[in-house]
Amino acid sequence: MRELDWIKKAINDLALTAERDGEYWRASYTREDAAGAALLEKWLQEKSFQTRYDAAGNLYGRLEGSSKETFLIGSHRDTVRNGGKYDGALGILTGMEAVYSLLQEKGRPQRTVEIVAMCEEEASRFLTGYVGSRAIVGELSQKNLEELDDNGVSLMEALAESGYYRGVLPQKRDDIVGFLELHIEQGGLLEKEGREVGIVTSVVGILAGEIVFYGRQNHAGTTPMRLRCDPVPVAATLIQQLDCWAREKKDQITCTFGNVVVEPGKSNIIADRVTLTFDIRSGKGELLQEAEAKIREILEKDKTIKAEIRVACQDPPAAMDEEGISLLETLAEERNLSYLKMSSGAGHDSQIIAPKIKTNMIFVPSQGGISHSPLEYTDMDDVGQGYTLMKAYIEAVAWQR
Ligand code: HGY
Ligand code: MN
Ligand code: MN
């Protein structure tokens, strides 16, 4: 199938633009991001789309239909550090190829169609994350713009340096009637159950951020245990107690401490501070509230040091559009595609867009359930099944056949 050949080559060609010191990383508003966006823009233009960027750096490809009602399709173009080449990119590439093929086969669509390659979904540079999708629904705040990356560069500066942001925050778009995101599952359920595609019913809610534990830096050998103010054991106690709490909730919640930074980080110095990231997810919003209360309760118990919680991402679970789910089911059944209705344990731009715009997601299997790793892989037969469903859905919604 010509279309899949193009997608397969594009996945690999796009990945080459994100090579950085031997690892794959397209952080937003970087040289790698500009190279990836330029290649995506070239392909969009070759496929008859008009391209533009918004103030958050989202790249759009627009194909005018008879009506101004716009159906948006896409995903994020940024990646995690040392990540895989399917997460995000696959949803952009399959979307542009499906619309281009429908244009050739069916002529102009009823509804206008836009492909979007969004920025900073992964929070791999700015802790808030989902910058591109927040911009689309008008939720990118001044506070987000002031957030700093590891080098002390603010999101506003990064956007301005890239030429996207000129002082006006992106406003919510009112012309978009629906959003579709095809994405790798990033888990192993489809593979385990032997299903070809996933029809997403909801995306987990996320509570993420960091806690800074402030100690009193001092000599490791001359400071008696009773006189120290050491942030490391306090951080370790929180990790242990929160992990224990999460395990008691069984599979209703995940709790991940992705990074622990001890400063100045030498064996013979009692630390000045510890910065601990947390990433807590659940399909139940009330469990996320309980998690935040648990963090505060554990911190309250220890009066020896000051601790500061910085919540960067607090997004409730998001339900996908019911009508879209049943249309996907019908289309899958008509094409004898085995499918699984499932919730997503990974976060997605779709969860930011869904509360404001009818949103649906299609999953394709991840081999071994691996993602956020160079081992991330989906074979082209599996991509093909998801692509078939995606193309049928776009035809139904945009060509309205
Ligand atoms: O972290 C996530 O689940 C997503 O890949 N940003
Ligand atoms: Mn993703
Ligand atoms: Mn990801």
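Keep in mind the model is a prediction, meaning the values are calculated, not measured. (Residues numbered from 1 in each chain as written. Chains lettered and ligands numbered in written order. Predicted model: local features only at pLDDT ≥ 70, side-chain atom pairs only at ≥ 80, totals over all residues. Heavy atoms only, no water.)

Asker: Summarise the packing of helix α8 (residues 231-248) against helix α9 (residues 285-301); cite the residues concerned and give the values.
Answerer: Axis separation between α8 and α9 bottoms out at 10 Å; the angle between their running directions is 150°. When the interaxial angle is binned, α8 and α9 end up roughly antiparallel. With respect to the hand of their crossing, α8 and α9 are arranged in right-handed fashion. Side by side, α8 and α9 meet where Leu238, Gln241, Leu242 and Trp245 of the first sit next to Leu287, Glu290, Ala291, Lys294, Ile295, Ile298, Leu299 and Lys301 of the second. Residue composition of the contact of α8 with α9, by class: 8 nonpolar, 1 polar and 3 charged. (Axes fitted to C-alpha atoms, helices over the stretch in contact; angles between N-to-C directions. Helix = DSSP H or I, 4+ residues; strand = E, 2+ residues; numbered from the N terminus. Parallel < 35°, antiparallel > 145°, perpendicular 65-115°, else oblique. Left-handed = near helix turned anticlockwise from the far one by under 90°. Contact = heavy atoms within 4.5 Å. Nonpolar A, V, L, I, M, F, W, Y, C, P; charged D, E, K, R; others polar.)

Asker: Lay out the packing of aromatic side chains in plain terms, naming residues and giving numbers.
Answerer: Each aromatic ring pair is specified by the distance between its two centres and by the angle formed by the two planes. One pass over the full model with this rule turns up 5 aromatic pairs. Arranged with centres 5.3 Å apart and planes meeting at 75°, the rings of Trp6 and Trp43 form a pair that is edge-to-face. Taken as a pair, Trp6 in helix α1 (residues 2-16) and Trp43 in helix α2 (residues 31-46) lie far apart in primary sequence, 37 residues in all. Of the two residues examined, Trp6 and Trp43, each falls in the buried class. Sitting over the ring of Tyr60, Arg52 keeps its end group 4.2 Å from the ring centre. Sitting over the face of the ring of Tyr60, Arg173 holds its NZ or CZ atom 5.3 Å from the ring centroid. (Phe/Tyr/Trp six-rings, centres within 6.5 Å; stacked < 30°, edge-to-face > 60°. Buried < 20%, exposed > 50% of the residue type's maximum accessible area, 1.4 Å probe, protein only. Lys NZ or Arg CZ within 6 Å of the ring centre and 35° of its normal.)

Asker: Which residues make up the coordination of the manganese ion (ligand 2), and what values do they have?
Answerer: Protein-derived coordination of the manganese ion (ligand 2) comes from His76 (NE2), Asp87 (OD) and His183 (NE2), at a distance range of 2.1 to 2.2 Å. Taken in sequence order, the residues that donate to the manganese ion (ligand 2) follow the motif H-x10-D-x95-H. If you look at the manganese ion (ligand 2) and the manganese ion (ligand 3), they sit 3.4 Å from each other and are both ligated by Asp87. Of this pair, His76 sits in strand β5 (residues 67-76) while Asp87 sits in the loop between β5 and α3 (89-106); the two residues are 11 residues apart in sequence, bridging distant segments of the chain. Of the two residues, His76 and Asp87, both sit in the buried class. (Donors = N, O, S within 2.8 Å, 3.2 Å for Na, K, Ca; no water.)

Asker: Report on helix α10 (residues 322-334), specifying residues and quantitative values.
Answerer: End to end, α10 covers 18 Å across 13 residues, agreeing with the expected 18 Å (1.5 Å per residue, within 8%). Contact partners of the buried residues in α10: β8 (197-203), β17 (339-344), β18 (359-364) and α12 (380-399). The residue sitting at the N-terminus of α10 and contributing the capping side-chain oxygen is Asp321; that oxygen lies 3.4 Å from the backbone nitrogen of Glu323. Count one or two residues on from α10 and you reach Asn336, which has phi positive near 50°. (Expected span 1.5 Å × (residues − 1). Polar contact = N/O pair within 3.5 Å; in protein donor to acceptor, adjacent residues only side chain to side chain.)

Asker: For the nonpolar core, give the residues involved together with the corresponding values.
Answerer: Core analysis: the biggest nonpolar cluster contains 62 residues, and Met96 and Ile394 have the highest contact counts within it. The biggest single contributor to this core is α12, with 11 residues. Setting aside residues no more than four positions away along its own chain, Met96 makes contact with Trp6, Leu40, Trp43, Leu44, Lys47, Phe49 and Ile115. With 24 residues, the next largest nonpolar core counts Val234, Leu238, Ala291 and Ile305 among its residues. (Core = buried A, V, L, I, M, F, W, Y, C linked by side-chain atoms within 4.5 Å.)

Asker: Tell me about the coordination of the manganese ion (ligand 3), and name the residues and values.
Answerer: Coordination sphere of the manganese ion (ligand 3), protein contribution only: Asp87 (OD), Glu122 (OE), Glu122 (OE) and His372 (NE2), at 2.0 to 2.7 Å. Here the donor residues for the manganese ion (ligand 3) map to a single chain with the spacing D-x34-E-x249-H. For Glu122, a relative accessible area of 15% corresponds to the buried category. Given the relative accessible area of 41%, His372 is considered partly exposed.

Asker: A description of the packing of α1 against α2 should follow, citing residues and the corresponding values.
Answerer: Between α1 and α2, the shortest axis-to-axis distance is 10 Å and the interhelical angle comes to 155°. By the angle class used here, α1 and α2 are roughly antiparallel. Crossing handedness for the pair α1 and α2: right-handed. Residues Trp6, Ala10, Asp13 and Leu14 of α1 touch α2, and the partners they reach there are Gly36, Leu39, Leu40 and Trp43.

Asker: Please provide a residue-by-residue account of unusual backbone geometry, values included.
Answerer: Of note, the amide linkage connecting Glu263 to Pro264 takes the cis form, showing an omega dihedral of 5°. Its identity as a non-glycine residue notwithstanding, His372 has a phi of 55°, on the positive side.

Asker: Could you give me a rundown of the site of ligand 1, with the residues and numbers involved?
Answerer: Taken together, Glu121, Glu122, Tyr130, Arg281, Ala346, Gly347 and His372 are the residues near ligand 1. Between a nitrogen atom of ligand 1 and a side-chain N or O atom of Glu121, the distance comes to 3.0 Å. Note that an oxygen atom of ligand 1 is positioned 2.5 Å from one of the side-chain N or O atoms of Arg281. Its residues assigned to classes, the shell around ligand 1 comprises 2 nonpolar, 2 polar and 3 charged. (Near = heavy atom within 4 Å.)

Asker: Could you give an account of a nonpolar patch on the surface, with specific residues and numbers?
Answerer: Judged by side-chain polarity, Val232, Val260 and Val262 come together as a nonpolar surface patch covering roughly 190 Å² of accessible area. Relative to the elements of secondary structure, Val260 occurs in strand β12 (residues 260-263). Assessed through its relative accessible area of 42%, Val260 is described here as partly exposed. (Patch = residues over 30% accessible without salt bridge, like charges linked within 9 Å, V, L, I, M, F, W, Y side chains within 5 Å. Areas by Shrake-Rupley, 256 points an atom, 1.4 Å probe, with all protein chains shown as cover. Salt bridge = Lys/Arg side-chain N within 4 Å of Asp/Glu carboxyl O.)

Asker: Pulling in residues and values, what's your account of the environment of Asn259?
Answerer: Examined against the element boundaries, Asn259 turns out to sit in the loop between β11 (253-256) and β12. The sequence separation of Asn259 and Arg228 amounts to 31 residues, and the corresponding C-alpha distance is 24 Å. Setting aside anything within four residues of it in sequence, one finds Asn259 in contact with Thr275, Leu276 and Thr277.

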